[in-house]
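Chain residues, written in single-letter form:
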Amino acid sequence: MTDLQALHDATHTMVMGVLNITEDSFSDGGLWLDPAKAAQHGRDMMAAGADIIDIGAESTRPGAKRVSEADELARITGAVKTLIPAGAKRVSEADELARITGAVKTLIPAGAVLSIDTTRASVAAAALSEGAQIINDVSGGTLDAELPHVVADHDCLYVVQHWRGWLVGSKGANPDQDTSVYEHGVLTDVHDELMRQVDGVLAAGVKPERIIIDPGLGFSKPGIEHNLPLLTGLETFRATGYPVLIGQSRKRFISAMLTGAGTAGADGPTMAQRDDVTAALSALSAEHGAWAVRVHDVAKSRAAVIAGNTWREYA
């Protein structure tokens, strides 16, 4: 059984591997729609050193269309069921929607933890009823007002991410240009808005010792100037007393950094280049005390996090 308090209070930065079961996620959409492929990718990330596997069935990239609730449930169900070891009892068809994460403790070996990336209370409830340990809510309790109440009714960790609104349908060529203005500076505004979101989930009954915060890199933050101040200002978020998750992997501002440095080719930065920069930022995040980094290439960031954790020990 996972010790949630020990997980929440981890003193060394962990690696959260991304498992997107989506058609249109910005860097790996469509790769893991098949449940067997999704399960194998999850096992591969665990073997590469992921402490946590974060399963999401709905893309949250700028401009992404929402999938139906039924599709999101079915995708997560398929991935989790396929991860059940040979010979383990499977849930019945009638229980499929309610029992999304059956026997989670046997699905993630070697101490790894299962996180469900969702903004829907129904999906969270189905996952938590069967033992998922983390709900990762990119809307930070604002898109579905019932989600924090669901979390409060279960013993799990809750990632509250800074959020300014769903991006579909926003005006202009830049999908989130309408929400990327920070009157008092991005660090101050994101901190203050995120703390108001935390106040909201506390009011819903979520215990403070179960909350993880995430400044939401890339969400209403399209440029380098929006994201680097949040990374260099990591101590501002750590000073709240809440552990901090950093999700920098393959984001647009990383491509902008590479392009600005003149290292990108005619077709833009390669995925390998983006993963290299992601790993460098993982090392820096670990050195500055992040709770975890959420990444696509687990192996690169595992090595980087080891370096950052070790650096912090001797600082």
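Structure's up top.
What comes next concerns the included structure. (Residues numbered from 1 in each chain as written. Predicted model: local features only at pLDDT ≥ 70, side-chain atom pairs only at ≥ 80, totals over all residues. Heavy atoms only, no water.)

A look at the nonpolar core
In this structure, Ile116, Ile135, Tyr158, Ile211, Ile213 and Ile246 are the most contacted members of the largest nonpolar core, which totals 53 residues. Here this core gets six residues from one element, more than from any other, and that element is helix α7 (residues 186-203). The next biggest cluster of nonpolar side chains, apart from the first, holds 13 residues, and it includes Leu7, Ile52, Leu157 and Ile212. (Core = buried A, V, L, I, M, F, W, Y, C linked by side-chain atoms within 4.5 Å. Buried < 20%, exposed > 50% of the residue type's maximum accessible area, 1.4 Å probe, protein only. Helix = DSSP H or I, 4+ residues; strand = E, 2+ residues; numbered from the N terminus.)

Overview of the pairing of strand β4 (residues 134-137)
Every regular strand shows the same layout, with side chains that alternate between the two sheet faces. Burial of β4 is two-sided: the residues Ile134 and Asn136 facing one way and the residues Ile135 and Asp137 facing the other way are all buried. Two elements, strand β3 (residues 113-117) and β4, share three bridges in a ladder whose sense is parallel. Across the sheet, residue Ile116 finds its bridge partner in β4, namely Ile135. With helix α5 (residues 121-128) bridging β3 and the parallel β4, this β-α-β connection has right-handed handedness. Bridge analysis of β4 against strand β5 (residues 157-161) gives four bridges, and the strand direction is parallel. Looking at β5, one finds that Ile134 is bridged to Leu157. (Pairing = 2+ DSSP bridges. Right-handed = clockwise from strand over helix to strand, strands pointing away.)

Things to note about the pattern of salt bridges
Proximity of charged atoms lets side chains of opposite charge pair with each other. Tallied over the full model, the rule gives eight salt bridges. When the shortest N-O distance is used, the salt bridge between Arg294 and Asp117 registers 3.2 Å. Of the two residues, Arg294 sits in strand β8 (residues 292-295) while Asp117 sits in strand β3, which places them 177 residues apart along the sequence. Exposure remark for Asp117: the relative accessible area of 8% places this residue in the buried category. The shortest N-O distance in the salt bridge between Glu235 and Arg238 comes to 3.1 Å. Of this pair, Glu235 and Arg238 both sit in helix α9 (residues 234-238), three residues apart, which is roughly one turn of that helix. We classify Glu235 as partly exposed; its relative accessible area is 48%. (Salt bridge = Lys/Arg side-chain N within 4 Å of Asp/Glu carboxyl O.)

A few points about the environment of Val298
By secondary structure assignment, the location of Val298 is in helix α12 (residues 298-314). Classification of Val298 as buried rests on a relative accessible area of 3%. Separated by 254 residues in the primary sequence, Val298 and Asp44 have C-alpha atoms spaced 9.2 Å apart. Excluding residues within four positions of it along the chain, Val298 makes contact with Val15, Gly17, Met45, Ala48, Gly49 and Ala50. (Contact = heavy atoms within 4.5 Å.)

Some details on the packing of α7 against helix α8 (residues 224-232)
Interhelical geometry of α7 versus α8 gives an angle of 70° and a closest axis separation of 9 Å. Here α7 is positioned roughly perpendicular relative to α8, judged by the angle of their axes. Between α7 and α8 the crossing geometry is right-handed. Each of Val186, Leu187 and Val190 in α7 lies in contact with α8, whose residues at this interface are Glu225, His226, Pro229 and Leu230. Of the residues belonging to the contact of α7 with α8, the class tally is five nonpolar, one polar and one charged. (Axes fitted to C-alpha atoms, helices over the stretch in contact; angles between N-to-C directions. Parallel < 35°, antiparallel > 145°, perpendicular 65-115°, else oblique. Left-handed = near helix turned anticlockwise from the far one by under 90°. Nonpolar A, V, L, I, M, F, W, Y, C, P; charged D, E, K, R; others polar.)

Some remarks on α8
Among the residues of α8, those classed as buried are His226, Asn227, Leu230 and Leu231. Projection of α8 onto a plane perpendicular to its axis shows the buried side chains occupying an angular sector of 115°, all on one side. Those residues of α8 that are exposed and aimed more than 90 degrees away from the buried face are Glu225 and Thr232. Summarising the contacts, the buried residues of α8 are in contact with α7, α9, β7 (245-246), α10 (252-260) and α11 (271-287). (Arc of directions from axis to C-beta.)

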